[in-house]
Structures are given as structure tokens and as C-alpha cells.
Amino acid sequence: MAQASVGMILTRYLSSEGWVEECSHANAFDAYIDARRRCVLRGCPYLLVDAETGSTVSVLTVKQCLHQYGVEGDFPA
């Protein structure tokens, strides 16, 4: 089954002030890989949003990203 094509993806991270737009990518795969790395480095959740529709493409948590890197646990809040 083919997936619908998604255009420009906006990458946002969660700060104490709410979601902050950080960058954008031409496709969901590149956005996800970059956000996963940034999520671990920054230690906060990331949100990927379709720039055209405003719909959520993915939400990444620190625990999920660490697990994908083979590290169990989470950063203390």
C-alpha cells in the first residue's frame, strides 16, 4: 500500500514556552532522522508537522529516541 506524499516538514521542539519551530526538511524521513538526533541532544520532545496541512506527522519522545539508539531510560525532567 502506497503512502500519501507529504511535502515540507516543519520540525519543532517543546520548550517551557511551548512548541518552538527549529527547522524544516523536504521529506518526512530526513525530518525524522534529524529530529531523533536533536531530541536526544536537546533532551526534549520533538514534533514533525506537515507545513501544507498543519497536520502532525510524528511526535518523538526522549525515551523513544534513546531506545532507538539502544539506550534504555530517560532524561529526568
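Residues numbered from 1 in each chain as written. Predicted model: local features only at pLDDT ≥ 70, side-chain atom pairs only at ≥ 80, totals over all residues. Heavy atoms only, no water.

**Student:** I'd love a proper account of the overall build of the chain, names of residues and values included.
**Tutor:** Helix and strand counts for the chain stand at two helices and four strands. Going residue by residue from the N terminus, the α and β elements of the chain occur as β-β-α-β-β-α. For the chain, the residues scored as buried account for 31% of the 77 residues in total. Here the contacts in the chain between residues at least 6 apart in sequence split such that 42% fall between residues at least 24 apart. For the chain, the exposed surface amounts to about 5000 Å²; the carbon and sulfur share of it is 55%. (Helix = DSSP H or I, 4+ residues; strand = E, 2+ residues; numbered from the N terminus. Buried < 20%, exposed > 50% of the residue type's maximum accessible area, 1.4 Å probe, protein only. Contact = heavy atoms within 4.5 Å. Areas by Shrake-Rupley, 256 points an atom, 1.4 Å probe, with all protein chains shown as cover.)

**Student:** Please set out the packing of aromatic side chains residue by residue, giving values where relevant.
**Tutor:** Any pair of aromatic rings gets described here by the distance separating the centres and the angle formed by the planes. Counting across every chain of the model gives one aromatic pair. With centroids separated by 6.0 Å and ring planes inclined at 40°, the aromatic side chains of Y13 and Y46 adopt a geometry described as tilted. Here Y13, found in strand 1 (residues 9-15), pairs with Y46, found in strand 3 (residues 46-50); they are 33 residues apart in sequence, far enough to count as distant. The side chain of R42 reaches across the aromatic face of Y13, ending 3.8 Å from its centre. (Phe/Tyr/Trp six-rings, centres within 6.5 Å; stacked < 30°, edge-to-face > 60°. Lys NZ or Arg CZ within 6 Å of the ring centre and 35° of its normal.)

**Student:** Could you give me a rundown of the nonpolar core, with the residues and numbers involved?
**Tutor:** A general feature of soluble globular proteins is that nonpolar side chains tend to end up buried together. With 14 residues, the main nonpolar core has A35, C39, Y46, L48, L60 and C65 as its most contacted residues. Residue assignment for this core shows that the elements contributing at least two residues are strand 1, helix 1 (28-42), strand 3 and helix 2 (62-68). Among the elements that make up this core, the one with the highest residue count is helix 1 (five residues). Filtering out sequence-adjacent residues up to four positions away, L48 remains in contact with I9, L10, T11, A31, Y32, A35, S55, T56, V57, S58 and L60. (Core = buried A, V, L, I, M, F, W, Y, C linked by side-chain atoms within 4.5 Å.)

**Student:** Now, about the state of the cysteines: what can you tell me, with residues and values included?
**Tutor:** What the rule picks out here adds up to zero disulfides. Distance from the sulfur of C39, which forms no disulfide, to the nearest cysteine sulfur (C65) is 3.5 Å. Among the residues examined, C39 registers a relative accessible area of 0% and is labelled buried. Of all cysteine sulfurs, the one in C39 lies closest to C44, which takes part in no disulfide; the gap is 6.5 Å. For C44, a relative accessible area of 9% gives the class buried. (Disulfide = S-S within 2.5 Å.)

Nothing here speaks to function; it is all geometry.
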